[in-house]
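# What the coordinates show
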Amino acid sequence: VGAAREHGIEVALDVAFQCAPDHPWVKEHPEWFRWRPDGRVQYAENPPKKYEDIYPLNFETEKWEELWAEMKGVFLFWIEQGVHIFRVDNPHTKPLRFWEWLIREVKRDYPDVIFLAEAFTRPKVMYYLAKVGFTQSYTYFAWRNTKWELEQYFTELTQTEVREFFRPNLWPNTPDILTECLQSGGRPAFMSRLILAATLGASYGIYGPAFELCENRPLRPGSEEYLYSEKYEIKNWDLNRADSLKGLIAQVNQIRRTNPALARNERLRFHPTDNNQLIAYSKTTGDLANIILVVVTLDPHYTQSGWIDLPLDYLGLDPHQSFQAHDLLTDSRYLWQGTRNFIELNPHVLPAHIFRIRRHVRSEREFDYFM
């Protein structure tokens, strides 16, 4: 933890509350488990998965107070070691009142601790986890691929009452999830999903180096498991490979750091395009000092083009004045005027534009007339 902080990195811990069959608790606290009549422990289920190789804890045991205190002690131990970020495995398979109690107890003394809910389950349950105290949550982003799906889902997250309590964290992949989109779309799909995750949400993450190196081989047809998974073997990754996305990821993260509009979710707006393979949206600061327009092609195979319609009044732009669209990915600058503007994207070159929109200003003090 100390070495990581010297490099500006925070260590997050994955917390999975279950035991190996030979864990001391099995003998010392058999009352913390649910036993079958034949003497075996009842395994846990998270449909369609069945966890028959671990012993799940019974959070509703008659000795629940002792068990809950022990679970709290696990968090406190790691907090004392300097870990303040926890990714909680399958929290929806434990009682919600347990998390409400535990998060309240921990945050009373350590208010800066972050709890990330790794929960892919029914929306109401995911939302309830947010209400009981989880700082952020996984989302369905990984499986939202079409323009309609993305617009509907993120409008719900940012423009309805959900935004008051649910803070999404967008992951295009995880150690357990290699989506069909990434399997079939090649390097362009990895680039587009990266840019979507990094600009649609204020918080995003990737599982790398598999992501940087566009690892897309599934365990078997129809599976979302990686063929050669780090969960089962030691890997030697070369992040400096010619096809690595290392440079693009660093560039996108730098764009996020220098544009405050990307740090929040509330002012996300989608804009019409005449091509369903192109999705366009903007993010702005409240004072419109920072306006970011993102256009992404959802087709990882072929060049797509079309017209986008921008609400100039919403963006605070004068319809009678030209404005500059500065592509932060390529440093190209385009002079636009009016609501309709043309876009063409080749996914094998770069599947997206991230524009900084600059208004026209006349100033003898500024060489750049667009600010």
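Everything discussed here concerns the structure shown above.
Bear in mind the structure is a predicted one, so any value in this text is a computation, not a measurement. (Residues numbered from 1 in each chain as written. Predicted model: local features only at pLDDT ≥ 70, side-chain atom pairs only at ≥ 80, totals over all residues. Heavy atoms only, no water.)

Quick look at helix H5 (residues 123-131) now. Turning to H5, its buried residues number three or more, namely Val125, Met126, Tyr127, Leu129 and Ala130. Each element contacted by the buried residues of H5 is listed here: helix H4 (96-109), strand S7 (114-118), strand S8 (136-137) and helix H6 (147-159). Just beyond H5, the residue with positive phi is Gly133, at close to 135 degrees. (Buried < 20%, exposed > 50% of the residue type's maximum accessible area, 1.4 Å probe, protein only. Helix = DSSP H or I, 4+ residues; strand = E, 2+ residues; numbered from the N terminus. Contact = heavy atoms within 4.5 Å.)

With their axes 11 Å apart at the nearest point, helix H7 (residues 180-200) and helix H8 (residues 246-258) run at an angle of 20 degrees to one another. With respect to H8, the element H7 is oriented roughly parallel. Considering how the two elements wind past one another, H7 and H8 form a crossing that is right-handed. Residues Met191, Leu194, Ile195 and Ala198 of H7 form the contact with H8, whose own contacting residues are Leu248, Ile249, Val252 and Arg256. Its residues assigned to classes, the contact of H7 with H8 shows 7 nonpolar, no polar and 1 charged. (Axes fitted to C-alpha atoms, helices over the stretch in contact; angles between N-to-C directions. Parallel < 35°, antiparallel > 145°, perpendicular 65-115°, else oblique. Left-handed = near helix turned anticlockwise from the far one by under 90°. Nonpolar A, V, L, I, M, F, W, Y, C, P; charged D, E, K, R; others polar.)

Here we take up a nonpolar patch on the surface. A contiguous nonpolar patch, built from Leu219, Leu227 and Tyr228 and spanning about 240 Å² of accessible area, is present on the exposed surface. Structurally, the position occupied by Leu219 is in the loop between strand S10 (203-204) and H8. (Patch = residues over 30% accessible without salt bridge, like charges linked within 9 Å, V, L, I, M, F, W, Y side chains within 5 Å. Areas by Shrake-Rupley, 256 points an atom, 1.4 Å probe, with all protein chains shown as cover. Salt bridge = Lys/Arg side-chain N within 4 Å of Asp/Glu carboxyl O.)

Before going further, it helps to examine the environment of Asn259. One can find Asn259 in the loop between H8 and strand S11 (268-271). A residue is classified by how much of its surface remains accessible, and Asn259, at 4% relative accessible area, is buried. Non-local contacts of Asn259, meaning those with residues more than four positions away in its chain, are made with Asn290, Ile292, Leu328 and Arg356.

Another point: the pattern of salt bridges. When charged atoms on two side chains of opposite charge get close, those side chains can pair. Following the criterion strictly, the structure yields 16 salt bridges and no others. Measuring nitrogen to oxygen at the nearest pair gives 2.8 Å for the salt bridge that ties Lys72 to Glu105. Of this pair, Lys72 sits in helix H3 (residues 64-80) while Glu105 sits in helix H4, and the two are 33 residues apart along the sequence. You'll find Lys72 and Glu105 in the same group, each marked buried. With a closest N to O distance of 3.3 Å, Asp89 and Arg87 form a salt bridge. Residue classification places Asp89 among the buried residues on the basis of a relative accessible area of 16%. Each of the salt bridges in this network shares a partner with another, and the network as a whole consists of Asp14, Arg87, Asp89 and Glu118.

On to H3. Taking 1.5 Å of rise per residue, 17 residues should cover 24 Å, and H3 covers 24 Å from first to last C-alpha, within 8% of that figure. Listed in full, the buried residues belonging to H3 are Leu67, Trp68, Met71, Lys72, Phe75 and Ile79. Taken end-on, H3 shows its buried residues confined to a sector of 140 degrees, consistent with a single buried face. Looking at the buried side of H3, the elements it contacts are strand S1 (12-15), helix H2 (24-28), strand S6 (85-89), H4 and S7. A positive backbone phi angle near 105 degrees is found at Gly82, which sits one or two residues after H3. (Expected span 1.5 Å × (residues − 1). Arc of directions from axis to C-beta.)

Moving on: the side chain of Lys94. Within the secondary structure layout, Lys94 lies in the loop between S6 and H4. Ignoring sequence-local partners within four residues, the contact set of Lys94 consists of Phe17, Phe59, Asp89 and Trp99.

Taking strand neighbours across the sheet as the criterion, the 6 strands line up as S11-S12-S13-S18-S15-S16 in an open arrangement whose pairing is antiparallel. With partners counted over all chains shown, the strands left at the sheet margins are S11 and strand S16 (333-336), one partner each. Direction aside, the axes of adjacent strands within the sheet are offset by 25 degrees on average. Examined bridge by bridge, strand S15 (residues 323-327) and S16 share 4 bridges and lie antiparallel to one another. Paired with Phe323 across the bridge in S16 is Trp336. Taken strand by strand, H6 contacts S11 and strand S12 (278-284), and its axis lies near 150 degrees from that of S11. Helix-sheet contacts for H7 involve S11, S12, strand S13 (291-297) and strand S18 (352-358), and the interaxial angle to S12 is about 30 degrees. (Pairing = 2+ DSSP bridges.)

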